[in-house]
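Close look at the chain arrangement
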Amino acid sequence: MSALIDRRRLIGGIGAGAGGMLLAGCDKLYSQPTFQKMLRDAEGLHYRSQRLISGGQSLAREYGAADRSPVFRSNGTAMPMTSEYQTHLKAKFADWRLIVDGLVTRPLAISLPQLMTLPVRTQITRHDCVEGWSAIGKWAGPNLSTILQQAGLSSRARFIVFHCADMIGGHPYYESIDLVDAFHPQTIMAWRLNDIMLPVANGAPVRLRVERQLGYKHAKYVMRIEARDTLAGLYGGKGGLWEDQTGYAWYAGI
Ligand SMILES: Nc1nc2c(c(=O)[nH]1)N[C@H]1C(S)=C(S)[C@@H](COP(=O)(O)O)O[C@H]1N2
Ligand SMILES: [Mo]
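To start, this report covers the structure provided alongside it. This is a predicted model, so every value here is computed, not measured. (Residues numbered from 1 in each chain as written. Chains lettered and ligands numbered in written order. Predicted model: local features only at pLDDT ≥ 70, side-chain atom pairs only at ≥ 80, totals over all residues. Heavy atoms only, no water.)

**Side note on the site of ligand 1**
Taken together, 22 residues are adjacent to ligand 1, and Arg73, Asn75, Thr77, Asp166 and Lys220 come closest. A distance of 2.6 Å separates an oxygen atom of ligand 1 from a polar atom in the backbone of Arg73. The backbone of Ala201 places a nitrogen or oxygen atom 3.4 Å from an oxygen atom of ligand 1. Protein burial of ligand 1: of its 530 Å² of free accessible surface, 99% is covered by the chains. A molecule is said to occupy a pocket when more than half its atoms come within 2 Å of that pocket's grid points, and by this definition ligand 1 occupies the second largest pocket. For the shell around ligand 1, the leading source of residues is strand β5 (residues 159-168), giving three residues. Its residues placed into classes, the shell around ligand 1 shows 10 nonpolar, eight polar and four charged. (Near = heavy atom within 4 Å. Polar contact = N/O pair within 3.5 Å; in protein donor to acceptor, adjacent residues only side chain to side chain. Areas by Shrake-Rupley, 256 points an atom, 1.4 Å probe, with all protein chains shown as cover. 1 Å grid on protein atoms, 1.4 Å probe; cavity = no way out; pocket = protein on both sides within 12 Å on 5 of 7 lines; lining within 4 Å. Sits in = over half its atoms within 2 Å of the grid points. Helix = DSSP H or I, 4+ residues; strand = E, 2+ residues; numbered from the N terminus. Nonpolar A, V, L, I, M, F, W, Y, C, P; charged D, E, K, R; others polar.)

What follows is the structure in structure tokens.
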């Protein structure tokens, strides 16, 4: 019972009905065949032990203003070269819309000014890249849960996919997370870094911060958020560009 209450507090603002739906969704996750298969392999073991230990709700450490790195470096794409992104950039994202679709009852197309009117969460966290560097930065933006709540997540939704504007090696960048991370209080769609509008090098106009995961999960240049019941059938089927191309773990919990 206390887990239920905690989960409802975690997704604060969502009514009891939606909270119940989310719980049902998470429970069903574990009974899915693909999930059971995943739980059998090593990565699944890591996922399962992390989820058991943290209960899905522990917070990543937050830092003070003085701990911030002098420069928050850029990694991977620093400037998406697709004509679509270039057009949006030239127009200062005036015609850009964050699409929210898939297994939702109310698909959304959110403009940047609309996104900026949503309640903001600010957090100073450490970013850890598998390439061996870390940086501490101050991020601000709405909770992903607020957006998903507005879109009305279907009870069939199991994964949240982030479709990005850039390509690496001819492959569109994308990432995905489970509903525990999607509704985690530190999971935000950041449009601000260190008190300025998110620079292009760091993912303008909006990027995911999913603070208990490694760097590559933090999708930059997010154009579309898609709720799905499975990752199968999407690009390489492993839930992310690096997962598909190099075998990086889908669950990169830290
Ligand atoms: N769309 C997109 N998202 C991305 C990447 C990228 O190349 N394209 N690189 C990933 C990696 S490996 C890291 S470490 C972080 C880097 O974020 P930063 O550029 O703000 O440092 O973004 C992640 N998200
Ligand atoms: Mo990274």
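**Quick word on the sheet that holds strand β6 (residues 171-178)**
One open sheet accounts for five strands, arranged β2-β1-β11-β5-β6; its pairing is mixed. Both outer strands of the open sheet, β2 (108-111) and β6, are each paired with one neighbouring strand and no more. Direction aside, the axes of adjacent strands within the sheet are offset by 20° on average. Relative to strand β11 (residues 222-228), β5 runs antiparallel, the two being bridged by six bridges. Each residue of the ladder has a partner; that of Val161, found in β11, is Glu226. Strand contacts of helix α7 (residues 144-151): β1 (97-102), β2, β5, β6 and β11, with the helix running at about 135° to β2, the strand carrying the most contacts. (Pairing = 2+ DSSP bridges. Axes fitted to C-alpha atoms, helices over the stretch in contact; angles between N-to-C directions. Contact = heavy atoms within 4.5 Å.)

**Description of the sheet that holds strand β4 (residues 133-141)**
The four strands are arranged β3-β4-β8-β9 in an open sheet whose pairing can be described as antiparallel. Strand pairing shows two members of the sheet lacking a second neighbour, β3 (121-129) and β9 (196-197), which therefore form its edges. Sheet topology note: the β3/β4 ladder contains nine bridges and is antiparallel. Within β4, the position partnered with Ile124 by the bridge is Lys138.

**Focus: helix α5 (residues 83-90)**
Every buried residue of α5 is accounted for by Tyr85, Gln86 and His88. The arc enclosing the buried residues of α5, seen along the axis, measures out at 160°, which places them on a common side. Among the exposed residues of α5, those pointing more than 90 degrees away from its buried face are Ser83, Thr87 and Lys90. Structurally, α5 contributes buried residues whose contacts are with β5 and β11. In the stretch just after α5, Lys92 is the one whose phi turns positive, near 55°. (Buried < 20%, exposed > 50% of the residue type's maximum accessible area, 1.4 Å probe, protein only. Arc of directions from axis to C-beta.)

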